[in-house]
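The lines below spell out each chain.
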Amino acid sequence: MDQFIVNIIHRPEMVPEYAEKVTGQGKTEDIGRKALLTESLDIFRTQQECAHKNGLKTTIQMTYASLFNDEAVAIAKEHHETYGDEISLTLLGLPCKEFREKYQTKDFCIWMFSMEDKKAIVNDVFEKFYDRFGFYPESTGSYYMDAELIHYIKETYPSVKCAVATCWEEGPKAYHTCNNSWYTFMDGGPWAPWIPSKQNTHAPAANEAEDSGIVAIPHLSRDLIACYDGNGSNFGTHPQNVLRGMIYDSKTWEYPYLYNLIDQYRHLAKFNNGYAYNMMFVGPGWMNRMGRWEAPYELLLKSYEDGCAYYGKLKKEGKLTDMTMAEFADYYRNKKTYTEPECALWRDILYGSKKQLFWYCDPFLRACVNMDQGGAIVDLRPYVAKLEWKTGIGTDHIQDASYPFLIQEKYRAGYFTHYAGEGTVRSARITYHGEEADLCLSPSHAVFSQEGNTRILTLDPVDIEFTDLKLKLRTRIFFEEGTSAIRIERSIMEMSDPLAVVGLDEYMVACYGTTEYTEDMSGIMLFATKGGDTVSVSYEYKCREKHLPGADCVSALVPQIGTKVSMRCDHHSATGYFIEGYAFSPMFTLGYTAQIRDKEVITTWLSLEKAD
C-alpha cells in the first residue's frame, strides 16, 4: 500500500517576518515591541490547535528569540508531553534584541554569515536550547544550510538527524517578484527529501562516504510546474502561499487548488516505490491580525484550519501518516537507498492545460523533461561533480547558493529565443529535402514505467509533416539508476513514403551558470573522439564547429563547474559534432546527425562525469 507522509512544522517566531512593520505602523522599529510578541505567541497557539484538533502531531522548531520567552518554552514542553510533538530548533528567527546586541547586525540568513560567525551563532542557539530543555535537538533547519554549516552542526551536535535545508527553486524568479530585494538564491536542489552530500547540500550523497549525516527536507512542498514557471512563493502546500497567489474564490473563500496540490503529492507514490512526502512549514507572521496578501485575518485563519482539516481527514481514512522530523529521518533511512532516485511526473493543476513536466533527481544529476516541448530536457544540474560551493561573507558566493546548471530554459532561453541566438535545451530535429522540424514544437504526453532500476518515460508519438512527407515519431527516455546517463530512443513508427530517408539531428545546447546572466565561457574544451583520434577546440567565442563521421563520443569539459558532459550514439553511420558559440550566443552545442528510415530506432546517451 502506498504511504503518504506529512511533516507539519511550526515555529514560535517571536519577531516574525514582515510583522513588525505591520504591528508597528507609523512607529520607530522596535523588534521587542510587546504587542508584536504577544500576537506572535497567540498565533503560534492557534496554529498548534489547528493541527492537534485534527489529530496531527507537529514539530515545534524553537527560534532563538523564542528561547528567551518562558511562555513559548512552556507551551513546547506541554505539547511534547500531551501530543507527542517534537521540540526542535530552527536557525530562522534569529533577530531579537539579544541577537542584535551581541552580533551588531541585521543579517538573519545563517548561510550568509562568515564561517566564524556561523559557528558562534550555532553554539549560542544550541546551547541556549539545551539550557531551556535539558537536551539537544534532533532536528534543525533554515531556508538554506550550506554543506560546511551542516558538517559543523553534525560534528558538534551529533543528535541532529534531520534539517530543513533548502527552498526549492528560490532564485532569480523569487528575487524579481520581490521587487529585486530578496537576496537569496538557492535554485537547483531537490524538491523532496534527500541525504545531502558532504560536498554540497543540493547534491544528494551517492554512498556512505559522501553522507553528511542528516536527512534533509525542503522548505515547503511546491507546485512543480507553477513554481518552476513563476514565483514559487505563490504555489505551495502552505495554505497562505495559495492566498498570496490569489488562487481562491474571493466570494466563497474556497481553494480547491490547495487540495489538488496535496493530492498530486500523494500521487507521487506511483513513481517512487510506494512512498510520497509533503510538508507544511509555518511561522506566525503568516496570520497577522491586520491581514496579509490582500486577505483579511479571518481568511488567513480559515485557510489554515481547512488545510489541517484536510490532512486530518486523510489520516482518519488511513491515507496519511503524520510524523515529526526526527521520526521521518529514521523512516527515510530505512526506506530509501543512496542511489534510488526521486521522480515526479507532474501535470498542470493550476491553469487547466495538458502540460506535463517530469522531474528526476539522484546523486548524479537533476533533470527536467518538458512534454510540451516534445520531451526536451529543459533543466539539467550535474550533481556528479559534487561541486563545493561555500556561501556567506568571506566566500565567492555571499548570497548565491544555487547549484549551477548546464541547461536551464528559464534563465538561458531554452528553444524559444527572440533573436539570432540559441538557448539551452536537449532536443532533436528532423530534416527532409531542405525542411526542418524541431521536436520542441511538437507537444506530447508521457506515461511513466519502471523496469528494474530504470525509470522510463514513453511519450505519445507525434506527427511531423513536410511538404512531401508525413511521419510519426516516438520518443522514449530512460533514466538508468546509478549511471549518471540519460538514454533517449527515437523511433519512426510510420511514414507516408515507407522508402523515404530523413535526417535526425540529436543535439544539446548548453552553458553554465546560476542566473540569467552569462558567465565567462573561456577555457571550456570541446572534443570529438573516434578511436585514438581526437579533434578539440578551446572556447574563444569564435563560432567554430567540427564534424567527425563515426565519432565514438562528443564532449565538453567545463572546468568552471568541474563537469564533463558527453554524448554518444549507437547508429553506425552517425556523425558527431560540436559547435563553439559566440559572444551574442555564449553557448556550446554537442550533437549527432544520422539518416533514419521507417521502423528504425536510433539511441543516444547523454552522460555526466566529475571533471577532476
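Residues numbered from 1 in each chain as written. Predicted model: local features only at pLDDT ≥ 70, side-chain atom pairs only at ≥ 80, totals over all residues. Heavy atoms only, no water.

Novice: So, the pairing of strand β22 (residues 525–530): which residues are in play, and what are the values?
Specialist: Bridge count between β22 and strand β23 (residues 533–538): six bridges; the pairing is antiparallel. Each bridged residue has a counterpart across the sheet, and for T529 the counterpart in β23 is T534. Between β22 and β23, which follow one another and run antiparallel, lie two residues, and G531 among them has a positive phi close to 60 degrees. Bridge analysis of β22 against strand β25 (residues 553–558) gives five bridges, and the strand direction is antiparallel. (Pairing = 2+ DSSP bridges. Helix = DSSP H or I, 4+ residues; strand = E, 2+ residues; numbered from the N terminus.)

Novice: Tell me about the sheet that holds strand β6 (residues 215–218), and please be specific about residues and values.
Specialist: One key point about sheets: their strands pair by backbone hydrogen bonds, in either a parallel or an antiparallel sense. A sheet is described by the order of its strands in space; here three strands give the open sequence β4-β5-β6, paired in parallel fashion. The open sheet terminates on both sides in strands that have one partner only, identified here as β4 (139–141) and β6. The average angle at which neighbouring strand axes cross in this sheet is 30 degrees, direction not considered. Bridge count for strand β5 (residues 162–166) against β6 is four bridges, and the pairing is parallel. The residue bridging A163 from the neighbouring strand is A216, located in β6. Lying over the sheet, helix α12 (residues 325–335) contacts β4, β5 and β6, oriented at roughly 115 degrees with respect to β6. (Axes fitted to C-alpha atoms, helices over the stretch in contact; angles between N-to-C directions. Contact = heavy atoms within 4.5 Å.)

Novice: So what's going on with the packing of helix α10 (residues 256–267) against helix α11 (residues 297–316)? Residues and values would help.
Specialist: Closest axis-to-axis distance for the α10/α11 pair is 11 Å, and the angle between their directions is 35 degrees. Note on packing geometry: the crossing formed by α10 with α11 is right-handed. Between α10, through L258, Y259, I262, D263 and R266, and α11, the contact on the second element is made entirely by D306, G307, Y310, Y311 and L314. For the contact of α10 with α11, a count of residues per class yields six nonpolar, one polar and three charged. (Left-handed = near helix turned anticlockwise from the far one by under 90°. Nonpolar A, V, L, I, M, F, W, Y, C, P; charged D, E, K, R; others polar.)

Novice: I'd like a description of the layout of surface pockets, backed by residues and values.
Specialist: Of the pockets and cavities examined, the second largest pocket occupies roughly 320 Å³. Lining the second largest pocket are 22 residues, with A147, E148, H151, K198 and Q199 positioned closest to its centre. Elements with a minimum of two residues in the lining of the second largest pocket: α5 (115–133) and α6 (147–156). When residues of the lining of the second largest pocket are assigned to their parent elements, the largest contribution, seven residues, is made by α6. Here the residues of the lining of the second largest pocket are counted per class, giving six nonpolar, seven polar and nine charged. (1 Å grid on protein atoms, 1.4 Å probe; cavity = no way out; pocket = protein on both sides within 12 Å on 5 of 7 lines; lining within 4 Å. Points joined across faces, edges and corners; volume = space filled by probe spheres on them.)

Novice: With reference to specific residues and values, describe the side chain of Q47.
Specialist: By secondary structure assignment, the location of Q47 is in helix α2 (residues 34–52). For Q47, the contacting residues outside a window of four places in its chain are H10, V282, G283, P284, M287 and Y304.

Novice: Lay out the environment of N207 in plain terms, naming residues and giving numbers.
Specialist: Secondary-structure assignment places N207 in the loop between α7 (172–177) and β6. Once the C-alpha coordinates of N207 and P296 are considered, the two residues, 89 residues apart in sequence, prove to be 49 Å apart. Among the polar contacts listed, one links the side chain of N207 to the backbone nitrogen of A209, at a separation of 3.1 Å. (Polar contact = N/O pair within 3.5 Å; in protein donor to acceptor, adjacent residues only side chain to side chain.)

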